[in-house]
Amino acid sequence: MIERLRWKTDSLDILDQRLLPQKIYYLNAKNPAQTAKAIKDMATRGAPLIGCVAAYGYALALKASRPKTAEQAKQILSSAAKTLKDSRPTAVALAYAVDRLHALALGFLSTQKGPALKPETLDALSRLIDAEAGKIHDEDVDANERLSEYGSRLLKRGATVMTICNAGALATAGRGTAVGVISRAHEKGLIRQVYSLETRPYLQGARLTMFELLRGKIPSTLLTDNMAAHIMKTCKIDAVIAGADRIASNGDTANKIGTYMLAVLARYHKVPFYIAAPIPTIDMKLPDGGGIPIEERGQDEVCVLAGRRIAPCGARARHPAFDVTPAGLITAIITENGVIKPVNRRNVRRVVEKEA
Ligand code: MRU
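All of these numbers come straight from a predicted model, not from anything done at the bench. (Residues numbered from 1 in each chain as written. Predicted model: local features only at pLDDT ≥ 70, side-chain atom pairs only at ≥ 80, totals over all residues. Heavy atoms only, no water.)

### Section: the sheet that holds strand β3 (residues 26-29)
Note on sheets: strands pair through backbone hydrogen bonds, and any given pair is parallel or antiparallel. This is how it is decided: Two strands are counted as paired when DSSP detects at least two bridges linking them. Only runs of H or I of at least four residues qualify as helices and only runs of E of at least two qualify as strands under DSSP, and these elements are numbered from the N terminus. A fitted line through C-alpha atoms represents every axis, and for helices the fit uses only the stretch in contact; the resulting angles, taken between N-to-C directions, go from 0 to 180 degrees. Residues are treated as being in contact if the distance between any of their heavy atoms lies within 4.5 Å.
An order of β1-β2-β3 is seen for the three strands of this open sheet, with the pairing classed as antiparallel. Sheet topology places β1 (5-7) and β3 at the edges, where each strand pairs with a single neighbour. Taking each pair of neighbouring strands and ignoring which way they run, the sheet shows an average axis angle of 20°. Running over the sheet, helix α2 (residues 47-59) touches β1 and β2 (12-15) and is turned about 25° from β1.

Quick look at the structure:
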């Protein structure tokens, strides 16, 4: 799979996914603000990937400006953390990565004696942050592998699977979550067919998931979102597998807009509905999905398609970027620590607290 990011120690190359599949082009971010803009503007996307990108964006803060005192360093890092966390609200992986690095940096600074920060101390802090950002990246690669294997065990030979949005390599540091499960199952010879929903308005399913499935030589067919019910009724679908941006402690799951619709359809047609997501996607602070912040994006992203206005001037549109699927509609949540089934508060806690 093509590289989604390239860490260069004093800057970060970010694959501009808005240009895929036509063009492979990397933006270069030199500071947290440029990194946050790439996330906000959807150049890079997908919950685990924006967590990794934000981690490297945070690491850039001390390269872009060299503070002379511990107090200045704290201010620069706190401002970087805020800028990055404000870029997109729904995926908790982003806040998880930034908070983890910020706690580490503040812990380091609190051990420093005196207000002045020697250049070698600053370099040591910078190396510490870089290494932790790399660790977050590597952990996602590893989590993807393990959850993909667990998920593949839920599928039988000849499986036809439906997915939405892009929860593949382009959304993570590794092989992906929902698409990771599919690709692992394909390696085992289990996949007959994958239906990818195009995912209006950003078309992640058409542009990105189809790109990945074709590159992986996985038999696949593109559907528009409004074809899902008809295909579930007329073709044998063995499973729906989607990713997640944030899972509350009771299992309610936020994912790309349209996921809830698929879960309702799957229940009606008696098709198992799976969520595949790494543990940092689970927000144990939230009692249920009601507390998940849903990003509302601009209406132009709905009214304008590929640079061309498709709705009449003056038409109003909504663009909630995510929806929340209630735990009761989810057959199982596939994580790197194992499969949560049935999906309830007790089982979520058990798997989260389990040693991987
Ligand atoms: O708006 P996006 O493209 O960032 O939304 C991505 C999704 O909803 C994915 O399904 C989710 O982040 C899981 S990615 C492994």
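### Considering the nonpolar core
The following threshold applies: In this description, a nonpolar core means a group of buried Ala, Val, Leu, Ile, Met, Phe, Trp, Tyr and Cys residues linked to one another through side-chain atoms lying within 4.5 Å. Accessible area is worked out with a 1.4 Å probe on protein chains only. A residue is then buried under 20% of its type maximum, exposed over 50%, and partly exposed in between.
Grouped together as the largest cluster of nonpolar side chains are 42 residues, with contacts concentrated most on Tyr58, Leu77, Leu109, Leu125 and Ile129. Every element with two or more residues in this core is listed here: β2, α1 (32-40), α2, α3 (61-64), α4 (70-85), α5 (92-110) and α6 (119-152). Considering every element that reaches this core, the biggest residue donor is α2, with 10 residues. Non-local contacts of Leu109, meaning those with residues more than four positions away in its chain, are made with Ala70, Ala73, Lys74, Leu77, Leu117 and Leu125. Formed by 32 residues, the second largest nonpolar core is a distinct cluster that contains Cys165, Leu197, Ala263 and Phe273.

### A word on the domain arrangement of the protein chain
Applied cut-off: An automatic or database domain assignment provides the domain bounds reported here. Buried area, as used here, totals the accessible surface that two parts lose on assembly, with accessibility defined by a 1.4 Å probe and the loss added over both. Any carboxyl oxygen of Asp or Glu within 4 Å of a side-chain nitrogen of Lys or Arg constitutes a salt bridge here.
Splitting the protein chain by domain gives domain 1 (5-145) and domain 2 (147-352). Between domain 1 and domain 2, the C-alpha centre-to-centre distance is 27 Å. Taken together, the 27 residues of domain 1 in the interface contact 34 residues of domain 2. A buried area of about 2500 Å², summed over both sides, lies between domain 1 and domain 2, and 56% of it is on carbon and sulfur atoms. At the boundary of domain 1 and domain 2, one finds two salt bridges. A salt bridge links Arg88 to Glu295; the shortest N-O distance between them is 2.9 Å.

### What to know about helix α7 (residues 178-187)
Of all 10 residues that make up α7, seven are buried, and the element is covered over most of its length. By the burial criterion, the buried members of α7 are Ala178, Val179, Gly180, Val181, Ile182, Ser183 and Ala185. Following α7 by one or two positions, Gly189 adopts a phi angle in the positive range, close to 75°.

### Side note on the site of the ligand
To keep it simple, the criterion reads: The near set for a molecule or strand comprises every residue that places at least one heavy atom within 4 Å of it. Whenever a nitrogen or oxygen atom comes within 3.5 Å of another N or O atom, the pair is scored as a polar contact, on the condition that within protein one atom can donate a hydrogen and the other can accept it, and that pairs from neighbouring residues in sequence are kept only if both atoms are in side chains. Note that accessible areas follow from Shrake-Rupley with a 1.4 Å probe, and for residues the cover is restricted to the protein chains shown. Classification used: nonpolar for Ala, Val, Leu, Ile, Met, Phe, Trp, Tyr, Cys and Pro, charged for Asp, Glu, Lys and Arg, polar for all others including Gly.
In the vicinity of the ligand, 18 residues are found, and the nearest of them are Ala47, Arg88, Gln204, Asn255 and Lys256. One of the side-chain N or O atoms of Arg45 is found 2.9 Å from an oxygen atom in the ligand. Between Arg88 and the ligand, the recorded distance is 2.8 Å, taken from a side-chain N or O atom to an oxygen atom. Bound to the protein, the ligand loses 99% of the 410 Å² it would expose on its own. For the shell around the ligand, the secondary structure elements donating two or more residues are α2 and β9 (253-256). Partitioning the shell around the ligand into residue classes produces eight nonpolar, six polar and four charged. Here the shell around the ligand spans two domains, and each of domain 1 (5-145) and domain 2 (147-352) adds at least three residues to it.

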